[in-house]
Amino acid sequence: MSLKVVVTGKIPTAGLETLLAAGLAPIAWDKDQPMTRAELLVAVKGAEILITLLTEKVDAELLDAAGSQLRAVCNVAVGYNNIDVAACSTRNVRVTNTPGVLTDATADIAFGLILMVTRRLGEGERVIRSNDPWQWGMHYMLGSGIQNRQLGVIGMGAIGIATARRAKVFGMKVAYYSRSKIDDKIATELGAKQMSFEELLATSDVVSVHCPSNDSTHHLIGAEQFRLMKKSAFLINTARGPIVNEQELVDALKAGEIAGAGLDVFEFEPKVNSGLLNLENVVLIPHLGSATAETRAAMATLAANNAVAIASSQAPLTPVN
Ligand code: GLV
């Protein structure tokens, strides 16, 4: 196959090998730093298939820079808010993502953040690293237990369900707010109660965000929602930053409207609102949801297999449009 395949970011070799084994010779960016926008607009020129990372904005400008021969954009991520899918569809460009292969890795991080923020683990670690004296005490650095507390999942897709499974094992109750009802078997297994958005916010002890980021979920959680939440509740976000109004989160945390937050993603990533940095009751990690070697290799391989399918005029495995 002599299609021009451009891989716009550095991906694990498993992905490149999948392309090579299928006879596709990718032109692949091999630096850890993402391309600048100017470099990207030049690199995509003439491509028939693009393999992209979530750091690349695939919009009308980029599609035009690529040219009308472009057939597909295969994103190496389950989230595709970096891609203007409508602009792709208008130009008959297929879009694919990588669902499934990062479910457990991301749910692990969501649950890790729940434990970190409720048990004040980041704060505790900062004490040790500061070299300041400390002393075990009955009342020292008490956190909040999660047993018999309610996890409220916003967006009960694969990652939401996997996070709920972990919560159940830890003795939490599960509620969810989602566009659709989940499979009865899974609901029974988890004892999961479907709630309205408002009821979920008002009754949950931990609210964990797992919905996609798009126009309808932009700032889904802001000042009004924080006011509905319990003062003792925690917010976890491993989905996408723009779903939460970050400044209003800072305001709510400072006003004591909620108890804390665990964030893997940020509204203006990689920038982080400076108001978050001095708060002890937040845990901040740099978008690590899918960051295991195994998961990243599986994501790259799935994206490459989507590209191979499209190159051979077959249906992609995980299409978006
Ligand atoms: C990671 O954030 C992904 O969407 O795959």
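Now for a description of the structure that goes with this document. Every chain is numbered on its own, with residues counted from 1 as its sequence reads. Reporting of local features is limited, given that this is a predicted model, to residues whose pLDDT is at least 70; pairs of side-chain atoms are given and counted only at 80 or more, and all residues count toward the totals for whole chains, interfaces and linings. With hydrogens and water set aside, each side-chain value is computed from the structure's full complement of heavy atoms.

### Quick word on the sheet that holds strand β10 (residues 234–237)
Here is step 1 of the chain: What the seven strands build is an open sheet, ordered β8-β7-β6-β9-β10-β11-β12; its pairing is parallel. With one partner strand each, in any of the chains shown, β8 (193–194) and β12 (282–284) form the two edges of the open sheet.
Here is step 2 of the chain: At least two DSSP bridges between two strands are required for those strands to pair. Only DSSP runs of H or I covering at least 4 residues are called helices, and only runs of E covering at least 2 are called strands; the numbering of each starts at the N terminus. In this structure, β10 lies alongside strand β11 (residues 260–263), joined through four bridges in parallel fashion. Opposite Leu-235, over in β11, you have Ala-261 as the bridge partner.
Here is step 3 of the chain: Two residues qualify as a contact provided that any one of their heavy atoms is within 4.5 Å of a heavy atom in the partner residue. Only the stretch in contact is used when a helix axis is fitted, and all axes are lines through C-alpha atoms; the angle between N-to-C directions ranges over 0 to 180 degrees. Along the sheet face, helix α5 (residues 103–118) touches β6 (150–154), β9 (206–209), β10, β11 and β12 and points at about 150° away from the line of β10.
Here is step 4 of the chain: Where helix α7 (residues 158–169) meets the sheet, it contacts β6, β7 (173–177) and β9, and its direction lies at approximately 175° from that of β6.

### What to know about the packing of helix α1 (residues 13–21) against helix α13 (residues 293–311)
For any two helices packed against each other, the geometry is given by the interaxial angle and the distance between the axes.
Here is step 1 of the chain: Between α1 and α13, the shortest axis-to-axis distance is 7 Å and the interhelical angle comes to 20°. One element, α1, and the other, α13, form an angle in the roughly parallel class. Crossing geometry of α1 relative to α13 is assigned as right-handed. Judged by residue contacts, Ala-14, Gly-15, Thr-18 and Leu-19 of α1 engage Ala-297, Ala-300, Thr-301, Ala-304, Asn-305, Ala-307 and Val-308 from α13.
Here is step 2 of the chain: For this scheme, ten residues count as nonpolar: Ala, Val, Leu, Ile, Met, Phe, Trp, Tyr, Cys and Pro. Four count as charged, namely Asp, Glu, Lys and Arg, and the remainder, Gly too, count as polar. Residues of the contact of α1 with α13, tallied by class, amount to seven nonpolar, four polar and no charged. In what follows, roughly perpendicular refers to angles from 65 to 115 degrees, roughly parallel to angles under 35, roughly antiparallel to angles over 145, and oblique to any angle outside these ranges. The handedness criterion is simple: a crossing whose near helix is rotated anticlockwise from the far helix by less than a right angle is left-handed, and one whose near helix is rotated clockwise is right-handed.

### Notes on the sheet that holds strand β2 (residues 27–28)
Here is step 1 of the chain: As summarised here, the arrangement of the five strands in space is β2-β1-β3-β4-β5, forming an open sheet in which the pairing is parallel. Across the chains shown, the open sheet's two edge strands, defined by having one partner strand only, are β2 and β5 (94–96).
Here is step 2 of the chain: Inspection of the sheet shows strand β1 (residues 5–7) paired to β2 by two bridges, in the parallel sense. Within the sheet, the bridge partner assigned to Val-7 lies in β2 and is Ala-28.

### Brief notes about the site of the ligand
Here is step 1 of the chain: By convention in these notes, a residue is near a molecule or strand provided one of its non-hydrogen atoms lies within 4 Å of it. Leu-54, Ala-77, Val-78, Gly-79, Leu-102, Arg-240, His-287 and Met-299 make up every residue found near the ligand.
Here is step 2 of the chain: Val-78 places a polar main-chain atom, nitrogen or oxygen, 2.8 Å from an oxygen atom of the ligand.
Here is step 3 of the chain: Pairs of N or O atoms within 3.5 Å make up the polar contacts considered here, provided that, within protein, one atom can donate a hydrogen while the other can accept it, and that residues adjacent in sequence are counted only when both atoms are side-chain atoms. Between the ligand and His-287 there is a distance of 2.7 Å, counted from an oxygen atom to a side-chain nitrogen or oxygen.
Here is step 4 of the chain: Notes on the ligand: free accessible area 190 Å², of which the protein chains cover 91%. Using a 1.4 Å probe, accessible areas were evaluated by the Shrake-Rupley method; residue-level cover was limited to the displayed protein chains.

### Quick look at α7
Here is step 1 of the chain: Here α7 spans 17 Å end to end across twelve residues, near enough to the 16 Å set by a 1.5 Å rise per residue.
Here is step 2 of the chain: Accessible area is worked out with a 1.4 Å probe on protein chains only. A residue is then buried under 20% of its type maximum, exposed over 50%, and partly exposed in between. Where α7 is concerned, the buried positions are Ile-159, Gly-160, Ile-161, Ala-162, Thr-163, Ala-164, Arg-166 and Ala-167.
Here is step 3 of the chain: Close packing links the buried residues of α7 with α5, β6, β7, α8 (184–190) and β9.
Here is step 4 of the chain: At the C-terminal side of α7, Gly-171 shows a positive phi close to 85°. A helix's residues, less one, multiplied by 1.5 Å, set its expected span.

Limitation: the analysis is restricted to geometry and does not speak to function.
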